[in-house]
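Structural description and commentary
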Amino acid sequence: GPQGQMSAQRLLIPTLRALLIAFALFEAVNIRLYAVRTYGRVIHEFDPWFNFRAAEYMVAHGWGAFQAWYDHEVWYPLGRHVGSTTYPGLQLTAWGVHSALAAVGRPASLNDVCVFLPAGFGALAAGFTGLLAWEVTRKPNAAALATAIMAIHPGHLMRSIAGGFDNESIAVAAMVSTFYLWVRALRSDASWPAALLCGVSYSYMVAAWGGYVFVLNMIGIHAAALVLVGRYSARLWRAYSLWWLVGTAGAVFGPARYLVGWQPFQSLEQLGPTAVFAALQLWQLSEVMADRRRLDATETLKLRLRLFGYAAAAAAVAVAVVLPEGFIGPMSARVRSLFIKHTKTGNPLVDSVAEHQATPPMLYWHYFHFTLFVMPLGLGTAFFGKSDAKLFLIVYTIVGFYFSAKMVRLLLLISPATSVCAAACLDSLIAFNIEALTADDQPPVEGEEEEAEQPRAISPPPQQPPQPPQ
């Protein structure tokens, strides 16, 4: 009957959606195994080989020995202290997977684990991109499409091919999971536990790749933007505070502590999010004080200005008097080169690498293909129906494209953003066309149907008056 058909239709669409997601995740792994099927289970390129050698040392000698390891066979004749010059998240992940497989009775060689790890994390990145699209659009079809696009996105593929055992191969998944958990924490007042998970995910991102600075500043900029557009809430204060506390602790005391050190409090490119954390504490304090004193908007503004003025004066005294000279350092040469044209890092090795150069426009088509054209339309949909997640997508896309234009390797950072925007655009186009095609098939309104069934009365032709005889 009609009810059975409607029930079947309700089941069909979610089933097709689930099949699309499953197929996308399968292809995310399958397409990355091309090099393995062609050349075998080998690790390629220089950096992946160094990372594999470091993973071998960690598995053979343990975590403590790895941190103290001074490798005399690299950077000859100087050598290299590996523990303070390597983000160890990649090696720890390989070690963890290798140990877990052995524990469940499915042992695999460390070489095989390191070869297949990027392909598996490529699928994870695609899945988290779909979840991010769901939080932004709240449309399941857009989430499925974003998963499928990210699974085969060339901008992501270039750093996640099987055998490419490099930091970026796991860092993209960590970055997208952090972004997803951040916007998930802002969904409702009861979503604060997601902020704790976001801090844990960010800590893993810090251990995995130096690009964590981008993730750190993206969340800080988004929180500041929410306040500027009038979307401050206790939910934002709670989520940001939990994320910052857990994430900063993970960065300073986590696996990469010898490399990160106290940079969240000293490095100029990381002080912004720390300042946002302090500002949110003052803003929440002003909200509580204004509520208790029952102040109006003008009095609340005056109170807020006083609190921020006192805090700024205290910070100035601390920097000038309390902190030792040189405690707060300048921006690193690599970060400074992203803002000043033609600035060199001063390191000939870094300056000579092609991926550290400005991005030629043709590479956007090479790595983003059709998403480059539909992405602006999808980004435009984020301006309709205000939400914290949509503002995050807007900020992420704009900031990400700016930095991607400054350095070729940073194209990787905006692959998730272009996937979400493209999915939002395609979802809107598909929904529009389906609505247009099915508009004529909609049943008429009950009153209109009865009116249509009644035959119209045929009125007789008007009577002509008789003509007088001539």
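All of these numbers come straight from a predicted model, not from anything done at the bench.

Below, the discussion takes up the packing of helix H3 (residues 46–61) against helix H5 (residues 89–103). Running from amino to carboxyl end, H3 crosses H5 at an angle of 55°, the nearest separation of the two axes being 9 Å. Here H3 lies oblique to H5, going by the angle between them. Between H3 and H5 lies a crossing of right-handed hand. On H5, the residues that touch Asn51, Ala54, Ala55, Met58 and Val59 of H3 are Leu90, Gln91, Leu92, Trp95 and His98. Of the residues belonging to the contact of H3 with H5, the class tally is 7 nonpolar, 3 polar and no charged.

Residues Met175, Phe179, Trp182, Phe214, Leu236 and Tyr240 are the most contacted members of the largest nonpolar core, which totals 106 residues. With near-sequence residues (within four places) excluded, Trp182 lies in contact with Cys198, Ile219, His222, Ala223, Leu236, Ala239, Tyr240 and Phe392.

Glancing now at the environment of Val227. The residue Val227 is located in helix H11 (residues 212–228) in this model. Between the C-alpha atoms of Val227 and Leu280, which are 53 residues apart in sequence, the distance is 8.9 Å. In this structure Val227 touches Tyr232, Leu236, Leu280 and Trp283, once residues within four positions along its chain are discounted.

When the terminal C-alpha atoms of helix H16 (residues 297–322) are compared, their 36 Å separation across 26 residues agrees well with the 38 Å that a helix rising 1.5 Å per residue should span. Listed as buried for H16 are Thr300, Leu303, Arg304 and Leu307. Contacts from the buried residues of H16 go to helix H15 (268–293). The residue sitting at the N-terminus of H16 and contributing the capping side-chain oxygen is Asp296; that oxygen lies 3.3 Å from the backbone nitrogen of Thr298.

Turning to the side chain of Ser241, a few remarks are in order. Residue position: Ser241 is located in helix H12 (residues 234–253). Of the polar contacts made by the side chain of Ser241, one reaches the backbone oxygen of Trp237; its length is 2.7 Å. With residues near it in sequence (within four places) discarded, Ser241 still touches Phe277 and Gln281.

Let's shift gears to the pattern of salt bridges. This model, assessed by the stated rule, comprises 14 salt bridges. Of the charged contacts, one joins Arg41 and Asp112 as a salt bridge, the two residues approaching to 2.9 Å between their closest N and O atoms. A residue pair is termed long-range when its members are at least 10 positions apart, and Arg41 in the loop between helix H2 (34–39) and H3 and Asp112 in helix H6 (residues 110–137) qualify at 71 residues. Residue classification places Arg41 among the partly exposed residues on the basis of a relative accessible area of 47%. The salt bridge involving Arg231 is made with Asp388; its shortest N-O contact spans 2.7 Å. Note that Arg231 is positioned in the loop between H11 and H12 and Asp388 in helix H21 (residues 388–406), a separation of 157 residues in sequence. For Asp388, a relative accessible area of 6% corresponds to the buried category. What you see here is one network of salt bridges that share partners, running through Glu135, Arg138, Arg184 and Arg187.

A contiguous nonpolar patch, built from Leu12, Ile13, Leu16 and Leu19 and spanning about 390 Å² of accessible area, is present on the exposed surface. Counting through the fold element by element, Leu19 comes out in helix H1 (residues 2–30). Owing to a relative accessible area of 52%, Leu19 belongs among the exposed residues under this scheme.

Here we take up the environment of Arg41. Taking the C-alpha atoms as reference, Arg41 lies 9.7 Å from Val113; in sequence the two are 72 residues apart. Those residues in contact with Arg41 that lie beyond four places of it in its chain are Val36, Asn111, Asp112, Val115 and Phe116. In terms of polar contacts, Arg41 uses its side chain to reach the side chain of Asp112, at 2.9 Å.

Next up on the list: the packing of aromatic side chains. Applying the stated rule across the entire model yields 26 aromatic pairs. Where Tyr57 meets Trp69, the ring centres are 4.0 Å apart and the plane angle is 5°; that geometry is what we call stacked. Here Trp69 lies in the loop between helix H4 (63–68) and strand S1 (70–71) and Tyr57 lies in helix H3, a separation of 12 residues in the sequence. Under the relative-accessibility criterion, Trp69 is labelled buried at 9%. Look at Tyr364 and Phe401: their rings are 5.9 Å apart centre to centre, the planes differ by 15°, and that puts the pair in the stacked class. Of this pair, Tyr364 sits in helix H19 (residues 362–368) while Phe401 sits in helix H21, placing them 37 residues apart in sequence. Just as Tyr364 is buried, Phe401 falls in that class too. Cluster of aromatic residues (ring-pair linked, three or more members): Tyr87, Trp182, Tyr202, Tyr212, Tyr240 and Trp243.

A few words on the state of the cysteines. Summed over all chains, the structure comprises 0 disulfides. The thiol of Cys425 is not disulfide-bonded; the next cysteine sulfur, from Cys421, is found 9.4 Å away.

Model confidence for the chain is summarised by a mean pLDDT of 87, while 85% of its residues fall at 70 or above. Segment residues 448–452 is flagged for pLDDT under 50; beyond a separation of four residues in sequence, or across chains, it makes 1 contact in the model.

Once that is clear, we can look at the side chain of Asp388. Within the local environment of Asp388, its side chain forms a polar contact with the side chain of Arg231, the two groups lying 2.7 Å apart. In this structure Asp388 touches Leu186, His222, Leu226, Arg231 and Arg235, once residues within four positions along its chain are discounted.

Scoring rules and cut-offs
Residues numbered from 1 in each chain as written. Predicted model: local features only at pLDDT ≥ 70, side-chain atom pairs only at ≥ 80, totals over all residues. Heavy atoms only, no water. Axes fitted to C-alpha atoms, helices over the stretch in contact; angles between N-to-C directions. Helix = DSSP H or I, 4+ residues; strand = E, 2+ residues; numbered from the N terminus. Parallel < 35°, antiparallel > 145°, perpendicular 65-115°, else oblique. Left-handed = near helix turned anticlockwise from the far one by under 90°. Contact = heavy atoms within 4.5 Å. Nonpolar A, V, L, I, M, F, W, Y, C, P; charged D, E, K, R; others polar. Core = buried A, V, L, I, M, F, W, Y, C linked by side-chain atoms within 4.5 Å. Buried < 20%, exposed > 50% of the residue type's maximum accessible area, 1.4 Å probe, protein only. Expected span 1.5 Å × (residues − 1). Polar contact = N/O pair within 3.5 Å; in protein donor to acceptor, adjacent residues only side chain to side chain. Salt bridge = Lys/Arg side-chain N within 4 Å of Asp/Glu carboxyl O. Patch = residues over 30% accessible without salt bridge, like charges linked within 9 Å, V, L, I, M, F, W, Y side chains within 5 Å. Areas by Shrake-Rupley, 256 points an atom, 1.4 Å probe, with all protein chains shown as cover. Phe/Tyr/Trp six-rings, centres within 6.5 Å; stacked < 30°, edge-to-face > 60°. Disulfide = S-S within 2.5 Å. pLDDT = per-residue confidence, 0-100.

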